[in-house]
Each structure stands twice: as structure tokens, then as C-alpha cells.
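# Overview (structure and organization)
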Amino acid sequence: MSTASFLLSEDQFRCFICMDVFTDPVSTSCGHNFCKTCITKHWNTNDHYQCPMCKKTFTTRPELHVNTLFSGMVAQFRQSAQQKASSSSSKQQVSKPGDVPCDVCTGTKLKALRSCLVCLASYCETHLEPHLTMSGLKRHQLINPVENLEDRICKKHDKPLELFCKTDQTCVCTLCPVSDHKTHDVVPLREEYKYQKAELGKTEAEIQQMIQKRQLKIKEIKHSVDLSEKDADRVKAEGVQVFTALKESVERGQADLIKTTEEKKRMTQKQAEGFIKELEQEISELKKRSTEVKQLSHSEDHLQLLQCIQSLKAARLSKDWTEVSVCPPSYEGTVVRAVSQLVETLNKEMKRLVAEPEMKRVQQYAVDVTLDPDTANPYLILSDDGKQVKHVDVKKHLSDSPKRFSRYICVLGKQSFSSGRSYFEVQVKEKTEWALGVARESVNRKGDVPLTPQDGYWTVWMIKGNEYIALAVPTVRLSLKSRPQKVGVFVDYEEGLVSFYDVDAAALIYSFTGCSFTGKLFPYFGPCANNGGKNSAPLIISPVN
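Right, let's walk through the structure included here. Computed from a predicted model, the values in this text were never measured in an experiment. (Residues numbered from 1 in each chain as written. Predicted model: local features only at pLDDT ≥ 70, side-chain atom pairs only at ≥ 80, totals over all residues. Heavy atoms only, no water.)

### Observations concerning the sheet that holds strand β12 (residues 380–382)
Working definition: the strands of a sheet are paired by backbone hydrogen bonds and lie parallel or antiparallel to each other. Note the following rule: Being paired, for any two strands, means DSSP has found at least two bridges between them. A run of H or I in DSSP counts as a helix once it spans at least four residues, and a run of E counts as a strand once it spans at least two, with each numbered from the N terminus. Every axis in this analysis is a line fitted to C-alpha atoms, fitted for helices over the stretch in contact. Angles between the N-to-C directions lie between 0 and 180 degrees.
Here seven strands make up an open sheet; going across it, the order is β12-β13-β24-β15-β20-β21-β22 and the pairing antiparallel. If you trace the sheet from one side to the other, it starts and ends with β12 and β22 (507–512), each paired once. Put simply, the sheet's adjacent strands are angled 20 degrees from each other on average, direction ignored.

### Overview of the pairing of strand β13 (residues 388–391)
The test is simple: Burial classes follow relative accessibility: with a 1.4 Å probe on protein chains only, a residue under 20% of its type's maximum area counts as buried, one over 50% as exposed, and anything between as partly exposed.
Here β13 shows a clear split, with Val389 and His391 buried on one side and none of Gln388 and Lys390 buried on the other. Across three bridges, β12 lies against β13 in antiparallel orientation. Among the inter-strand pairings, Ile381 is bridged to a residue of β13, identified as Lys390. Relative to strand β24 (residues 539–542), β13 is paired through two bridges, and the arrangement is antiparallel. Directly across from Val389, in β24, lies its bridge partner Leu539.

### Observations concerning the nonpolar core
Threshold: Here, the term nonpolar core denotes a set of buried Ala, Val, Leu, Ile, Met, Phe, Trp, Tyr and Cys residues that are joined through side-chain atoms within 4.5 Å.
With 36 residues, the main nonpolar core has Trp434, Val498, Phe512 and Phe525 as its most contacted residues. Judged by nonpolar contacts, the second largest core, of 16 residues, contains Phe13, Phe22, Val26 and Ile39.

### So, the side chain of Lys431
Cut-off, in case you're wondering: Charged residues are defined narrowly, with Lys and Arg counted positive, Asp and Glu counted negative, and His plus the chain ends left uncounted. Note on definitions: salt bridges are taken to be side-chain nitrogens of Lys or Arg within 4 Å of carboxyl oxygens of Asp or Glu. Residues are treated as being in contact if the distance between any of their heavy atoms lies within 4.5 Å.
Note on placement: Lys431 falls in the loop between β15 (421–427) and β16 (434–440). Buried and unpaired, Lys431 has Glu433 as its nearest opposite-charge partner, separated by 8.3 Å. Those residues in contact with Lys431 that lie beyond four places of it in its chain are Met462, Arg483, Pro527, Asn535, Ala537, Pro538 and Leu539.

### Some remarks on the state of the cysteines
Definition in use: Pairs of cysteine sulfur atoms within 2.5 Å are identified as disulfides in what follows.
Using the criterion set out here, one finds zero disulfides in the structure. Left without a disulfide partner, Cys124 is nearest to the cysteine sulfur of Cys105, which lies 3.7 Å away.

This is the structure in C-alpha cells:
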């Protein structure tokens, strides 16, 4: 067996899984060996049973067998390796850079095994032997080899520094407490070593914690930079879009001005050309008649003259050109009117172009909201999918739970907002009264409490079919250009912002700013009383496009 073991290489005695010398080797049915613990753990943590070496898959977990012969070879190899390690450790090693050299060696310096605090010297294995065998030297204090041994000796008493003065925070010898450190707190060096080592452990933990915090801060800063770059790209793209549209509007205004002016000029020219043509025709006719008159004036035929005069009088031109004139069109104010129209168009276009990206920005924070029946007033009917709510005249018999609103005709959403940004849209089409917004989880749901931010409500109401009110303190009456068909509600929890939008017009209705949110916020839906069927249409939570 001994001969066989040396014919095998060291790699053949290493487990394929742990890459160490086998411990309790076992064999699989495919003939490969592994540590019993390694292969067992490998199969326990995998969904199927497969040989790690040949990848053969077994339908059932194979039975492991102890390879007696191979186990013996592994044991002999382990013993042989240990003997070799022991033999090699006894060999003298030449001192290398970074090693403590023997102070006694001449010529080639060997690596020191120990240092003596009494002799203040370091010794290799050969020169250390007297300290291990001679009775006088055995009492010397040996330590692991170190350089600058004189730094470990008290300069005053020439004794090893074996104690620590906590008062002066310095190392001292056994004679120092008798003299200079007589009333000081002195402890053994080992005791202070243990204490300081423990403190170092705490310091290391604190340092690691500080490192982690700074690494997280780096990630946070990088994330902020990434967001900044994305926002910058978005703003640039939106800016290009806006200014391109504005530029096109200006160019259209300029083109319209030039076109209108040119049309006026052409009309004047055309009118003038018509008058000139007519006048030239009459001048030609008059010249012809003048010639006839001259010829007739020289005639001596009495009858002919009298007859021709009558025909000339009959053909006399009747048009009076005295009042005819070409009035140049007035261009005064043309540019001013064009610019004013352009400014109005640009303002509308700018509002539209600015509002559309803003709507897209808030819509990216859309959340899926459903109604919470446990909070609904007993006069409310909710749809099965939790997306619609309306008021009815018949009160339902429901348990009066703490969550249910008993005074106000409203219901909350199931989903809450306690961080970040959130957005949802509600169809208010065909309703004459409604209320929308968000409310704190802690609001009073039983009493007659003002729906104001101080009481935990941030809402906008529509009443009487066309009046819009933001329930701030004091209330704010809103002037809207059109009646919203769909209202969007946006919440920025950290910023303390609640904004309402007319979705179809992409216009801001109102914003509560500088809010101080604590705890959870819930979507607030108030369909209001049906008012004899005039306000029977439901509030509908709509998907965000």
C-alpha cells in the first residue's frame, strides 16, 4: 500500500468539491470519490442528483459506499504529508527582506526563530539552543522574533516593558510603579493588550460602518447624477420641442403677415390697372372723336356738318371720372395686430406645450387604485371591481366600523401613500358635484369636521355644476376655462405637494404646496349626493394612458 500511495499524485487525494485532502471518502455508483460531507451537502442543496465530476444524473439519490482501500491510501498519504511538513519546518531558512535575521550568524544570516528580551538579541534555531538547554538562559524571556529590541526595554531601569500605565498611557517595566508611576493605574501589558484589541475591534466595526455609509452616499450621489442627466436630456428634448413649435408659430405669423400685405397690394394694383385700362380706352376713343371734329370743322357742306354733329353728340361719353380714385390700402397697425395675434397664439401654444410634458411627467407615477368598501358611507354603492362609486337614497345596513365614514358621503382608496410620488385619474364626466383628493389615515370619520389640510384633508370640490373650490384655509375659488371630464391627482410625499390636473386639457387646476405629511395618505373620493338624479353619475377610477 505504501508503494501504491507514492505512485499517486497529491491531486488524486483531493476532493473535487472542497479541493482538500479527502475526509471519510465515499464512492458513487459512477466510480468517483468525494468527502462524505461534501457530496451529502451538494445533493442536499440541489434539485437533482448529479455527479459533480462526470455530470451523470441519477433518478434517485444514489447510495454512498465507503471505499476501504482508498480510505487507507488517503490516511497513509495524509500521514506522509504531515511528516514531510514537519521535516521541512525544521530546516534552517535564510533570512529574506522582511524577516528578522539572527544576530549571532556570521556570513549568511539565517532567519531568527525567537528574540530574547534579556539578551536583546534574536536567534536562529542553532544559536537559540543554549536558551533552551542551559539552566541560566532558560529563565530569559523569549518572544517571537522582532526588530528593535531596545525599544522594548525600559531606558531607566533596563528591564523589559511588561506593564502599561493607564494614567500616562505608556508602557513601563516592573520597577516603574515603585518610582515614577507610584500612584498611577498600572496593569499587565497583556490585560491592556486585550482591552485595546477589543477597542480596536469596535473601532474597526465603526470604520466599516462609516465606509458603508460613504459607499451608500456614493451610490446616492451617482444615482442623483444619473437622474440629473436623465432630467437634463428630458428638459433639452422638451425645450427643443417647445421652441421648435414656437419658432414655427412665429414663421407662420410672419408668412401670414406677408401674405395679407401682398394680397392688399395686389388688389390695389388690380383695381388701378382696371381704371387705367378703361381710361386709356376712353382716351383712344376721345382722340378718334377729336380727329372727326377737326375734319368736320373744315367741311363746307352744310347738310353733312349738321348731320354729323348730331351723331357726335349722341356718342358723347357719359362717365364722370371726377369722383373716381384709387385709395392706397392702410397698412397702419398691420404689424402690431399681427404681433398681438402672434403673442396670443404663442401664449396658448406655450401653455399647451408646457402642460403636455408636465402631464406626461406626473403620469409616469401612476398607481393602481381601488376603493375600500370598509370605509364607504352607507349611502354609497361601489362596483364589484372597486373602480366606481355613486350615491343612492337608500341607506345600506352596514357595521359601523371605526374605518367607515358616517357623516360625509365619501370613500377612501385601499392603497396608501407614505413616500415617493403617486398619481391616479378619476372620470367626473356628467357629474354636477364631486370632491377628490387625499386624506390622512388618522382623520375623524364620524364627526362634522372641516375638510381642510389642518384636519388631514387636501381636496378640490366642484359644486352647482360649474363652481370649483380648493378647500384650503381660506378656501380658494378656481377659474377654469373648461369643465374637466377627467381629473388627475398627483402626490409628492417628500415635497409636500398635492396637485390636481384637467387631464384632457393637460392643465393644472390647483396645487397644495408646503404640506407637512405624517403617516399614510389615502385617495379620497366624494361623489356627493345624487340630487334627485341630477348627480347620479358615478366617479370612475380610470386607467392612466
